[in-house]
Amino acid sequence: MNPVTTRDRLRQAQFLEGVTDSALHQLAHLVTPVTYECDELLFEEGSKREFLAIIIAGAVAIEKGRNGRPVRLVTLGPGEAVGEGLLLDELPHGTSARAVQRTEAYTLTAQQIRDLVKDAPTVYAALVSRAARSISQRLAATDATLVGRGRTLGFTGARTRREHDLLGERDVPDDALYGVQTLRAMENFPITGTPLRDFPQLVEALAAVKEAAAAANAELGLLDKDIAAAIGRAAAEIRAGRHHEHFVVDMIQGGAGTSTNMNANEVIANRALELRGFERGDYKQIHPNNHVNLSQSTNDVYPTAVKLALHGAIEKLRGAMSQLAAAFLAKGEEFAAMIKMGRTQLQDAVPMTLGQEFTAFGHTILEDVERLGEAQALIREINMGATAIGTGITAPPGYAAAVCRELSRITGLTLITAPDLVEATADTGAFVQLSGVLKRCAVKLSKICNDLRLLSSGPRAGLGEINLPPMQPGSSIMPGKVNPVIPEVVNQVCFDVIGGDVTVTIAAEGGQLQLNVFEPVIAYRLLRSIETLENGCVVLRQRCVEGITANPQRMRQFVEQSIGIVTALLPVIGYERATSVAKEALETGKGVYDVVTSRGLMTREQLDRVLDPAAMTGESTR
């Protein structure tokens, strides 16, 4: 590591602004370069403070756990510090820090900081003062993202700026990238408690749409190229994971998604203003409507962004389902030689192998991976350029083609413009189709979970053919009881998804004339259903399927005692004799093996050959 290069990079860091060259020189010899990959944790809430990091490139989100979910408070970028509380006290971390893109940083350890106290107290004092300033600014920024969500304006004494809209003037926290229309939406729609930022793919999709629109408008000569570039840079930062904490409106809202669109317009406008050296709220320079929303309407921006977000979410779900299917198929191979009784209508049917049963689980899931791919293809049709109702009012000729081309470039997807934009703006059929596929996935996955619970029932008074890995004690009163909690929780995920399909269906049906105003609840249910299904698949695979073991002796015992195996003997002893054997076994309580061998119809060795697991996968099963 070259100390001179390191010193030069440290000098550009906002956190170290005003630090003397001598101090920078000392720090350059102490810091260690570290790289964090996207989604890597720098530290977790409650953990011991061990270092501070000065970000050189990339971005880090500061998160706080709430109801088992991380809530993003602020995003830090190049030049800012994370973990600087170590300079003020040695209490455990009160938040977590996570890289939201590949991040390079310089770190100082706790021991190095203790050494600075003794060896370079002036350097230490300079760092402490900057840590206090940084934390104060961060508290103000965090406060700005929580206004309207249980916190009143100016809770930390943050400055405000005056903004106006159709209904008048309001004070907006100066640290907020959002503006007055977002503030009103936060006050009007405290519905689910789930803000846009909880769905990063939707936030990033909105940014992609705005970036594409700016590029298309600049290409057509409608937007100043410098303004377009600033909008593009701001949107690119959001797509890279920054500024999500300012997307604060509730997922369910009135206005057909207008609040979501304006939240994006205001955040991007204010960040673009910063990038050009202007104050937030100086909309004479870059305006949320006149510039960021140019040639657009909520009615083409919102459904397009939702489709992009769904496309990415589906891809993750397909990956999780494919991995779950692979786990079932691996168990199918492991259990290939284990014979058992198949059952229909909960009655003994005919012999099969446990491997066949688990292989079938894998294949039925893979069928739905394909169906999800088909649904993805449908949502790659967009209505950008439709503006309000599909007529393209306020959008110039050539804009629809240009914005589709730019959006395809930005997302890497082959998007197409709907041939009839009026139809596309009013229609939500693609969402209904996707919801139906998700319901299909949920129904089949829930059925598999039912089977796992039945097959593992007991352990002594049930089927007990397989063992699910024990995850937790099962009762507050019954010692030794272990319940199938993982299939149970996935069952509940599936029930929720199935109910969500009803919501999407009714919301789609409820649309009127040229617009469906209920798309926010459609988006919320679809994105939530995909997310929970993905999580359910991961949990089922990791905490259940991969740890399943079999009880081959118990399964073999069921086979030998079952009446159902006479069906496998039909080719050898014929229907009449098989019927007689079954009747005697039922009346006497004897096993079929005993009846067949006692009558001299077949030897035990012949019976074993007929019921050899290899025979279960032969031509006779097809």
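Details of the structure are given in the entry above.
Structure report, in brief. Because the structure is a prediction, the values reported are computed rather than measured.

## Looking at the pairing of strand β11 (residues 339–344)
Examined bridge by bridge, β11 and strand β12 (residues 347–353) share five bridges and lie antiparallel to one another. Opposite Arg343, over in β12, you have Asp348 as the bridge partner. Hairpin remark: β11 followed by β12, antiparallel, with two residues in the connecting loop; positive phi at Gln345, about 55°.

## Overview of the pattern of salt bridges
The full count for this structure, using the stated rule, is 41 salt bridges. Measuring nitrogen to oxygen at the nearest pair gives 2.6 Å for the salt bridge that ties Arg184 to Asp165. Taken together, the residues Arg184 in helix α5 (residues 180–188) and Asp165 in strand β9 (residues 160–165) connect sequence positions 19 residues apart. Using a relative accessible area of 15% as the deciding quantity, one classes Arg184 as buried. Classification of Asp165 by relative accessible area gives buried; the value is 17%. The shortest N-O distance in the salt bridge between Glu211 and Arg239 comes to 2.8 Å. Residue Glu211 is located in helix α6 (residues 200–219), and its partner Arg239 is located in helix α7 (residues 225–239); the two are separated by 28 residues in the primary sequence. Note on Arg239: relative accessible area 29%, which makes it partly exposed. Counted as one network, the salt bridges with shared partners bring together Arg7, Asp8, Arg11 and Asp21.

## Considering the packing of aromatic side chains
Evaluated as defined, the whole model comprises six aromatic pairs. A ring pair is formed by Phe43 and Phe51, whose centres lie 6.4 Å apart and whose planes are at 65°; its orientation type is edge-to-face. For Phe43, a relative accessible area of 8% corresponds to the buried category. The exposure class assigned to Phe51 is buried, which follows from its relative accessible area of 15%. Measuring from centroid to centroid gives 5.4 Å for Phe358 and Phe361, while their planes differ by 65°, and the two rings are edge-to-face. Taken together, the residues span about one helical turn, with Phe358 and Phe361 both in helix α11 (residues 354–378) at a distance of three residues. For the pair formed by Phe358 and Phe361, the shared burial category is buried. Through a chain of ring-to-ring contacts, the aromatic side chains of Phe328, Phe335, Phe358 and Phe361 assemble into a single cluster.

What counts, and at which threshold
Residues numbered from 1 in each chain as written. Predicted model: local features only at pLDDT ≥ 70, side-chain atom pairs only at ≥ 80, totals over all residues. Heavy atoms only, no water. Pairing = 2+ DSSP bridges. Helix = DSSP H or I, 4+ residues; strand = E, 2+ residues; numbered from the N terminus. Salt bridge = Lys/Arg side-chain N within 4 Å of Asp/Glu carboxyl O. Buried < 20%, exposed > 50% of the residue type's maximum accessible area, 1.4 Å probe, protein only. Phe/Tyr/Trp six-rings, centres within 6.5 Å; stacked < 30°, edge-to-face > 60°.

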